[in-house]
Each structure stands twice: as structure tokens, then as C-alpha cells.
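Take a look at the letters that make up each chain.
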Amino acid sequence: MHGFAAQAVRPAAAEWDEREETPWPVIQEAARIGLYGFESLADMYGDPSGPSLQIANEELFWGDAGVGMALFGTSLAVAGIFASGTPDQFTEWVPQCYGDKDDPKVAAFCVSEPQAGSDVSAMTTKARYDEARDEWVLSGQKAWITNGGIAEVHVVVASVDPQAALATFEVSRPTVGAQALGIARAAYEYALEYAGEREAFGRPIIENQSIAFALADLRTEIESVRLLIWQAAWMARNDRTFDAAQGSMSKLRAGELAVAATEKAVQILGGAGYSREHPVERMYRDAKIYTIFEGTSEIQRPVIARAISGRHIR
Ligand SMILES: Cc1cc2nc3c(=O)[nH]c(=O)nc-3n(C[C@H](O)[C@H](O)[C@H](O)COP(=O)(O)OP(=O)(O)OC[C@H]3O[C@@H](n4cnc5c(N)ncnc54)[C@H](O)[C@@H]3O)c2cc1C
């Protein structure tokens, strides 16, 4: 995955960011070499030690978060089917989520609504079984859906089972945290290299403690957040209960680190960091979503607080 991220994703990142389009050629290449599809997801998820899926996500999002999301957006829909579908439904729908090697598809997981984001219980989308037509009929409006409209399969959470969305998010949080970690690491590495080359006052800027210590702190945070993610991944894979909401912890810390690391990287590059000539500007934009989607930071904290206290904290 690292080689693909370095050779196919990074060089394409700025172009697809500017175009604001789904990078289909990159998805097709990933499918062709076996990095996009149900088999590769199953391989990563099947690792009994736990964190293969998270390592793959960190590497891919180190390459670029926008392209990474185009490739891994589908897996959230698959996780939704896995969390609440029957084995028959899984077999029928998951292959359709990915398409095939020569004609890959994407899928979408649809929970949020205009009036129901953090508050999933406010969802109004309904599913009603129409006996005459022998089919389910959905009514309602979804919003903000990654791959919405272009997806081959839309996994829609409707009010017959609102808990399904929550189960999926709990399982996917360490993976989402790993994506944020990949962005943080990419920004840190870029800033470290720049700080060794850029000179001011006759010396490389890294020879100032304010710059060097900031980079030391970032590296320390990156290493510790990675261990938190791997612990949560190991727990999930080995059916350990998240007794202190470790899945939420990993997503919270990684999301906030991604924002802090990219902001610091922009600062270390100075004016250059603010321009599109360097990728840290894009990383800063990409990082911010990680304190918002899959549960905002303000929602993760009460989830953790409830888990450790056993009390109803609002
Ligand atoms: C780029 C992008 C991609 C997305 N992809 C998807 C997707 O694929 N599928 C999907 O279903 N959704 C998706 N979303 C939606 C995302 O999950 C929601 O935006 C998110 O859950 C927050 O909901 P909201 O925007 O309605 O904010 P709100 O719920 O309105 O929250 C607004 C603010 O209030 C705070 N807040 C709310 N309640 C509390 C509380 N109890 N205590 C303290 N603070 C609180 C929040 O933390 C936030 O700061 C995506 C969003 C974006 C921007």
C-alpha cells in the first residue's frame, strides 16, 4: 500500500483536488492491482493481530486523503452491511459495492440528514414494506453523503433500525482514526524536511528550538496516537469490549492530531505553507473533516465519559 500511495496517489493528488472530481483512473488502477475490492478488504480485516486495515489506511491517506477517501469510502457501506445485514444480503450486495477489476464501482453509507447529523435519533427517513409490490419503499432526505449519487449501492439507514448506524460507527472509528493519522504524518514529514532546508537569520529554521520542539512534539503525538489506534484495532478484531470507548478515543485523538499537525506544518512553512505550491495547504483542508464526520469531537467526549463513568453525561 505504501508503494501505491507514493507512486500512484501522491503524484495525482493535486490534480484531483483542483478538479474536484472522483479520481476514477486511480480507483481503476487500485482495482487492477488488487488494492480495491472485497478480497483486499477481507485480507486486511482478516489479520488476527488486528491493525492491518488501519496500517493500510494510514499509508494510503499519507499518500493523499482525497484520493484515499475515494478508495475507502466504499468500505463504510460494506461495514454497514456487515454490521446489520444477513449473510445472504452480504453475499448479494458487497460484490456490487466494488464492481469488478475492469469496471470498479463505489458505494455510499447514508445516515446524515439535513436535521439529523450528530443526533442520529432525529432521523426521519422511513422504510416501509409495500406488500402489493413486494418491495421496501424509502421516504426521506439524506445529506452530506460521501459517494452519494455516484454510488452503485447506497446503504440507507432508515428509522426501522436507527441503532444500525451507531454499531457501524463504533466498528469503523479506529480505521477513520488511522486515516487522520496518515494525514498528520504526511504533514509532519513535509514540515521536518522543509525546516531542515529553509534558512532564516543565516541558519536552517529547524535550529530554532520553537521549530524543533514543535516537530518533536508532533512526532511524539504521532507515535502515541498510532499505538492507541492499534490497541483499538486489536480489541475490535479479538472481540474485546470497548470498555472505555477506545474506538472513540482513537478517532478523537487522531482527528485532533491531524488538525494540529497540519496547522503546525502550515506555520512552519510560513507563507509557502499558505499557498498551493506545497501540499500542506491541502492537508490542512483535508484534516478538518476528521473532527466532524463519524461523530464530532464534541460527541466523542461524552461517549468516552459515559463509558468510563457509567453516568448519563450530556
Ligand atoms: C465531507 C463530509 C462527508 C460526510 N460523509 C458522510 C457520509 O458518508 N455519510 C453520512 O451519513 N454522513 C456524512 N457526513 C455527515 C457528518 O457525519 C455530519 O456532518 C456530522 O455527523 C455532524 O453533523 P451536523 O453536520 O449535522 O452537525 P450538528 O449535529 O448540527 O453539530 C453542529 C455542532 O454542534 C455540536 N454538537 C451537536 N450536538 C452536541 C452535543 N450533544 N454536545 C456538544 N456539542 C454538540 C457538534 O459537535 C458541532 O460542533 C459527511 C460530512 C461531511 C462534511
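If you're wondering where the values come from, they're calculated on a predicted model, not measured in any experiment.

The rules behind the values
Residues numbered from 1 in each chain as written. Predicted model: local features only at pLDDT ≥ 70, side-chain atom pairs only at ≥ 80, totals over all residues. Helix = DSSP H or I, 4+ residues; strand = E, 2+ residues; numbered from the N terminus. Rg over C-alpha atoms; globule rule 2.2 N^0.38 Å. Buried ≥ 20, exposed ≤ 12 C-beta atoms within 10 Å, placed from the backbone. Contact = placed C-beta atoms within 7 Å. Near = placed C-beta within 6 Å. Nonpolar A, V, L, I, M, F, W, Y, C, P; charged D, E, K, R; others polar. Pairing = 2+ DSSP bridges. Core = buried A, V, L, I, M, F, W, Y, C linked by C-beta atoms within 7 Å.

Engineer: Any chance you could explain the overall build of the protein chain here in plain terms?
Structural biologist: Scanning the protein chain from terminus to terminus reveals 12 helices and 8 strands. For 314 residues, the compact-globule estimate of 2.2 N^0.38 gives 20 Å, and the protein chain sits close to it at 20 Å. Once the C-alpha set of the protein chain is aligned to its principal axes, its extents read approximately 80 × 50 × 40 Å. Split into buried and exposed, the 314 residues of the protein chain put 43% on the buried side. In the protein chain, of all internal contacts separated by at least 6 residues, the share reaching a separation of at least 24 is 73%.

Engineer: Looking at this structure, I do not really get the site of the ligand. What am I missing?
Structural biologist: Surrounding the ligand, one finds 16 residues, the nearest of these being Val111, Gly117, Ser118, Thr296 and Glu298. Classifying every residue of the shell around the ligand by side-chain character gives 9 nonpolar, 5 polar and 2 charged.

Engineer: Can you walk me through the pairing of strand S4 (residues 126–130) in this structure?
Structural biologist: The side chains of a regular strand alternate between both faces of the sheet. Judged by how many residues are buried, S4 sits mostly at the surface: 0 of 5 residues are covered. One ladder, built from 5 bridges, connects S4 with strand S5 (residues 135–139); its direction is antiparallel. Bridging across to S5, Lys126 finds its partner in Ser139.

Engineer: Can you walk me through the environment of Trp234 in this structure?
Structural biologist: Assignment of secondary structure puts Trp234 in helix H8 (residues 209–237). Assessed through the 18 C-beta atoms surrounding it within 10 Å, Trp234 is described here as partly exposed. Distance in space between the C-alpha atoms of Trp234 and Gly247 is 11 Å, their sequence separation being 13 residues. In this view, Trp234 contacts Ser49, Gly50 and Pro51; residues no more than four positions away in its chain are not counted.

Engineer: So what exactly am I meant to see when it comes to the nonpolar core here?
Structural biologist: A general trend in soluble globular proteins is that nonpolar side chains are found buried together. The biggest cluster of nonpolar side chains holds 78 residues, and the ones touching the most others in it are Ala77, Ala180, Ile183, Ala184, Ala187, Ala191 and Ala265. Examining the composition of this core, we find that 12 residues originate from one element, helix H7 (residues 163–197), more than from any other. Excluding its chain neighbours within four sequence positions, the residues that come into contact with Ala180 are Ala254, Gly255, Leu257, Ala258, Ala287 and Tyr290. Phe242, Ala245, Met249 and Leu252 belong to the second-largest nonpolar core, a separate cluster that totals 5 residues.

Engineer: So what exactly am I meant to see when it comes to the environment of Glu294 here?
Structural biologist: Residue placement: Glu294 occurs in the loop between helix H11 (280–288) and helix H12 (297–309). Along the backbone, Glu294 and Val176 are 118 residues apart, and their C-alpha atoms lie at a distance of 7.9 Å.

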